[in-house]
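The lines below spell out each chain.
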Amino acid sequence: MSAPSAAAPFRLYGTPGSLYTGKARSYLIKQSIPFENAAAGEAEFRERIVPALGRWIIPVLQTAEGALVQDGSDIIAWFDGGHAPGVTPRWGVHAPTPRHRLIGHIFELFGGEGLLRPAMHYRWNFDAQNRAFLAADFPAALAPTGAGPDVAAAVFDMASTRMRKAMARFGVSDESIPAVEAAYAEFLALFDAHLAAAPYLLGGRPTIGDFGLIAPLYAHLARDPAPAALMKSAAFRVWRWTERMNAADHDAGEYGRPPEDLFAADAVPETLMALLRFIADDYLPEIRAYVGFANAWLAARPDIAPGTSGLERTETRIIGHAEFLWRGVPVTVAVMPYRLYLLQKIQDAVDAAAPEDRAAMQALLAETGLADLLTLRTLRRVERKGHLEVWSAPLPSSTSAR
């Protein structure tokens, strides 16, 4: 594989409109890590990187030595864990205090996964406003370099067809669309109110929760024409936050250039409590549904070898579909082990905390209606091995059920 340049020792393969690429890109920008953007349509990606990964998936970080790190969460953890020689992030994205650390992981899960319904709806159900933009944007990043208009059109048609089918797997249907729009309007209002007093989720600098939220709120909802217009008119502070999350500097002049400190004394303002209560109402029913499905699926397959996915096609990300009632509407969603991987980060943060810190975390979850996040555990843990989601050995029953 050709290596990134000395001036930019990391190469990020993805697309401008990719939700998960946006998470990793924002992190690299805010941490002042030199990198170059690379299109997933490049021959290098198709011919060398995809075979090395075992599936077509973005984002992918390539190091100067040719090593690959796939997945936005893993890319952030790789840098944050000090695995990049000569690179020191400006600050750690995991807050040092217990409640803030917990909140960061909750919003990482909710941002990347819980906001998929509005992200997909506002991208693919507004063709009058979005189609011309998307028909140019997708081929620009996905078509082979120098491709003609016929190839570009075919690339867009293939991507559009695939993603419109995926939209249904995330619970977007004619019946659920009114609830999708109402829920998103409520979220925008709550986040906009919270940003009135601070430039980021937990204060004066971004944390892992901000990077989870930027994934859908930039790539789909602040960039595609229809939702961008909605965000600008209904939630200006949120739109400014999406700009700020993609700016190399602090870009918080409207706050009087505040210091890069988090809320003092592990404080959680009422506006943030309101956002957490929203997540409990909006997303906890889905978590219950897919943990329940995953446990039934695992119980029916006790012979899955540890370190494997249990699927015939290892590149498959979905183990089945779960149905549940969301805002009074029956919806069906794909069950993806990757979501359980992010859920585990919340649980691990609490499990690893000192007793007094764990008590503060548990009290916050109870007060916001999110206590079930600690008990919704699968019979096996999800691990990432060889750029794939795989299952661990079965857990003791007391561990998986607590």
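Residues numbered from 1 in each chain as written. Predicted model: local features only at pLDDT ≥ 70, side-chain atom pairs only at ≥ 80, totals over all residues. Heavy atoms only, no water.

Draft legend 1. Inspection of empty space enclosed by the protein at higher detail. For the structure shown, the criterion picks out six cavities of 30 Å³ or more. Estimates place the volume of the largest cavity at around 80 Å³. Lining of the largest cavity is provided by Ser309, Leu311, Thr314, Thr316, Arg317, Ile318, Ile319, Pro337, Glu389 and Trp391. Across the lining of the largest cavity, the residue classes tally to five nonpolar, three polar and two charged. Lining the second largest cavity are Phe110, Gly114, Leu115, Arg117, Pro118, Val180, Ala183, Tyr184, Phe187, Phe278, Asp282 and Trp326. (1 Å grid on protein atoms, 1.4 Å probe; cavity = no way out; pocket = protein on both sides within 12 Å on 5 of 7 lines; lining within 4 Å. Points joined across faces, edges and corners; volume = space filled by probe spheres on them. Nonpolar A, V, L, I, M, F, W, Y, C, P; charged D, E, K, R; others polar.)

Draft legend 2. Quick peek at the pairing of strand β3 (residues 60-63). Going residue by residue along β3, you find Val60 and Gln62 tucked away on one face and Leu61 and Thr63 tucked away on the opposite face as well. Bridging between strand β1 (residues 10-14) and β3 involves four bridges; their strand directions are antiparallel. Counted as the bridge partner of phenylalanine 10 is threonine 63 from β3. As consecutive antiparallel partners, β3 and strand β4 (residues 68-70) are separated by four residues, and within that stretch glycine 66 has a phi angle of approximately 95 degrees, a positive value. (Buried < 20%, exposed > 50% of the residue type's maximum accessible area, 1.4 Å probe, protein only. Helix = DSSP H or I, 4+ residues; strand = E, 2+ residues; numbered from the N terminus. Pairing = 2+ DSSP bridges.)

Draft legend 3. Up close: the pairing of strand β8 (residues 388-394). Counting buried positions along β8 yields five of seven residues, so the element is predominantly enclosed. In the sheet, strand β7 (residues 380-385) pairs with β8 via five bridges, with the strands oriented antiparallel. Bridging across to β8, lysine 385 finds its partner in leucine 388. The antiparallel hairpin formed by β7 and β8 contains two residues in its connecting segment, where glycine 386 sits at a positive phi of about 60 degrees.

Draft legend 4. Examining the environment of isoleucine 346 more closely. Mapped onto the secondary structure, isoleucine 346 falls in helix α14 (residues 337-351). Distance in space between the C-alpha atoms of isoleucine 346 and phenylalanine 133 is 37 Å, their sequence separation being 213 residues. Ignoring anything within four residues of it in the chain, the contact list for isoleucine 346 reads Leu102, His105, Ile106, Leu109 and Leu373. (Contact = heavy atoms within 4.5 Å.)

Draft legend 5. A look at the layout of surface pockets. Each pocket or cavity is described by its volume, and for the largest pocket that value is around 1,300 Å³. For the lining of the largest pocket, the secondary structure elements donating two or more residues are α1 (19-30), α2 (43-53), α5 (116-124), α6 (127-142) and α7 (149-169). Of the residues forming the lining of the largest pocket, the biggest block, seven residues, is contributed by α7. Partitioned by chemical class, the residues of the lining of the largest pocket number 24 nonpolar, seven polar and twelve charged.

Draft legend 6. Quick look at the sheet that holds β3. With mixed pairing, the four strands of this open sheet are ordered in space as β2-β1-β3-β4. Edge strands, defined here as strands with exactly one partner in the open sheet, are β2 (35-39) and β4. On average, each strand axis in the sheet is tilted by 25 degrees relative to the strand beside it, whichever way the strands run. Bridging between β1 and β2 involves five bridges; their strand directions are parallel. Each residue of the ladder has a partner; that of tyrosine 13, found in β2, is alanine 38. Sheet contacts for α2: β1, β2, β3 and β4; angle to β3, the most-contacted strand, approximately 100 degrees. (Axes fitted to C-alpha atoms, helices over the stretch in contact; angles between N-to-C directions.)

Draft legend 7. Focus on the pattern of salt bridges. Counted by the stated rule, this structure contains 26 salt bridges. The partner of glutamate 36 in a salt bridge is arginine 11, with the nearest N and O atoms 2.6 Å apart. On the criterion of sequence distance, the pair formed by glutamate 36 in strand β2 and arginine 11 in strand β1 is long-range, its members being 25 residues apart. Residue classification places glutamate 36 among the partly exposed residues on the basis of a relative accessible area of 26%. Taking the relative accessible area as the measure of exposure, arginine 11 reaches 9% and is therefore buried. (Salt bridge = Lys/Arg side-chain N within 4 Å of Asp/Glu carboxyl O.)

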